[in-house]
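Chain and residue survey
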Amino acid sequence: MPSMRDLKRRIRSIRNTQHITRAMKMVAAAKLRKAQAQVTAARPYTEKLEEVVGRLMGSVDLMSQPLAAPREVKKVGYVLITGDRGLAGGYNANLIRLAEERLQTETRPAALVAVGRKGRDYFRRRQVEIVRSFTDIGDEPDITQARELARQLVDLYLAGTLDEINLIYSRFYSALRQVPCIDRLLPIAADDARGGGVEDYIYEPSPAAVLQSLLPRYCEIKVYRALLEAKASEHGARMTAMDNATENAAEMIDKLTLSFNRARQAAITREIVEVVAGADALK
C-alpha cells in the first residue's frame, strides 16, 4: 500500500503531465485548423489540374512524354511521408506498418525515399535501401518544399534509378479519421489523372507541348497535396492522442485521490483508536 506522501507525489506528477498534454492538445488543434484550411484550398486546384492533364493524355502519344511513357519496371520506389516527432498516437506506426507490408510483398527490387525522421530512422535500422531522405518539413509545408521534393523524384525517375514511384501518406478526412494510402506518382497514367475524356479544344502551341509543360507541375502539386494531407493527419492524430492522454490522466488522478482519501481516513481512524485505547488504559 503506497504511503500518503507517495500518493500525493504521484497525484502532483500526473497533474503536471495533464497540464502538458492539455496544452499540446490546444496547440495541435490550432495547427490542425490551419492545415485543414490548406488541404481544403488545395483540393479544387489539384482536381482541375488532374482533369486537364487527363484530357490531354487522351489526345497525344504518351511515348513522347518521358513522365508518362510506360516502361519496364526494374526498380520501384516508395516515398514514405511520416512525421519528425512522435506523441501522435498510431499515426507514424500505421504508415510504417503499411510501408513494411508493401515492401515485404513487393516482388520487384524496391527502395525507399523517406520524408520525416520517424520513417527514416525505423527503416535505416532495418537496412532498407533509402535513396533520399528529407526531414524538418515543418508544421506548414509550402510549395517550395514540394517543388524541391518533386524535382528530386523526377530526376530519380528520368535517370532510371527508379522506374516507378509511389507515395505512401495518410489521407486526411477528419480529426478522428486519417487513412494511410498508397498513390502512384510516376509514371503518370491517364487513369491517375482522372481526365474527363477527349474534348475538342484548340491548344497552342500543341497538345503535346502543353502536356509536357504541365506534367512536372502535376507532379509538384501531387506531392504538395500529399504533404498537406499528411501534415493535417499528423495534427489531427496528435490532437486526439493528447485529448485521450488528458482524459486518462484525469481518471488516474481520480483513482489516486480516492486511494489517498481512503489512506487518510484509515490513518485518522487509527489515531482515534489509539487515543481511545490510551484513555481507557489511564482509567
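See above for the structure.
Residues numbered from 1 in each chain as written. Predicted model: local features only at pLDDT ≥ 70, side-chain atom pairs only at ≥ 80, totals over all residues. Heavy atoms only, no water.

Here we come to the pairing of strand S3 (residues 130-134). One ladder, built from 4 bridges, connects strand S2 (residues 110-115) with S3; its direction is parallel. Across the sheet, the residue bridging to Val115 is Phe134, located in S3. Considered for its hand, the β-α-β crossover made up of S2, helix H3 (residues 117-124) and S3 is right-handed. (Pairing = 2+ DSSP bridges. Helix = DSSP H or I, 4+ residues; strand = E, 2+ residues; numbered from the N terminus. Right-handed = clockwise from strand over helix to strand, strands pointing away.)

Taken together, the side chains of Ile268, Ile272 and Val276 define a hydrophobic patch exposed on the protein surface, amounting to about 250 Å² of accessible area. One can find Ile272 in helix H6 (residues 207-282). Residue Ile272 is classed as partly exposed on the basis of its relative accessible area of 48%. (Patch = residues over 30% accessible without salt bridge, like charges linked within 9 Å, V, L, I, M, F, W, Y side chains within 5 Å. Areas by Shrake-Rupley, 256 points an atom, 1.4 Å probe, with all protein chains shown as cover. Salt bridge = Lys/Arg side-chain N within 4 Å of Asp/Glu carboxyl O. Buried < 20%, exposed > 50% of the residue type's maximum accessible area, 1.4 Å probe, protein only.)

Next up on the list: helix H4 (residues 143-158). Taking 1.5 Å of rise per residue, 16 residues should cover 22 Å, and H4 covers 22 Å from first to last C-alpha, within 8% of that figure. Burial in H4 covers these residues: Ala146, Leu149, Ala150, Gln152, Leu153, Val154, Leu156 and Tyr157. For H4, the elements touching its buried residues are strand S1 (76-81), S2, S3, strand S4 (164-174), strand S5 (177-186) and H6. Sitting at the amino-terminal end of H4 is Asp142, which places a side-chain oxygen 3.1 Å from the backbone nitrogen of Thr144. One or two positions beyond H4, positive phi appears at Gly160, with a value near 85°. (Expected span 1.5 Å × (residues − 1). Contact = heavy atoms within 4.5 Å. Polar contact = N/O pair within 3.5 Å; in protein donor to acceptor, adjacent residues only side chain to side chain.)

The volume enclosed by the second largest pocket comes to roughly 160 Å³. Around the second largest pocket, the lining residues are Gln65, Pro66, Leu67, Arg147, Ala150, Arg151, Val154, Leu158, Gln212, Leu215, Pro216 and Glu220. For the lining of the second largest pocket, the leading source of residues is H4, giving 5 residues. When grouped by side-chain class, the residues that make up the lining of the second largest pocket number 7 nonpolar, 2 polar and 3 charged. (1 Å grid on protein atoms, 1.4 Å probe; cavity = no way out; pocket = protein on both sides within 12 Å on 5 of 7 lines; lining within 4 Å. Points joined across faces, edges and corners; volume = space filled by probe spheres on them. Nonpolar A, V, L, I, M, F, W, Y, C, P; charged D, E, K, R; others polar.)

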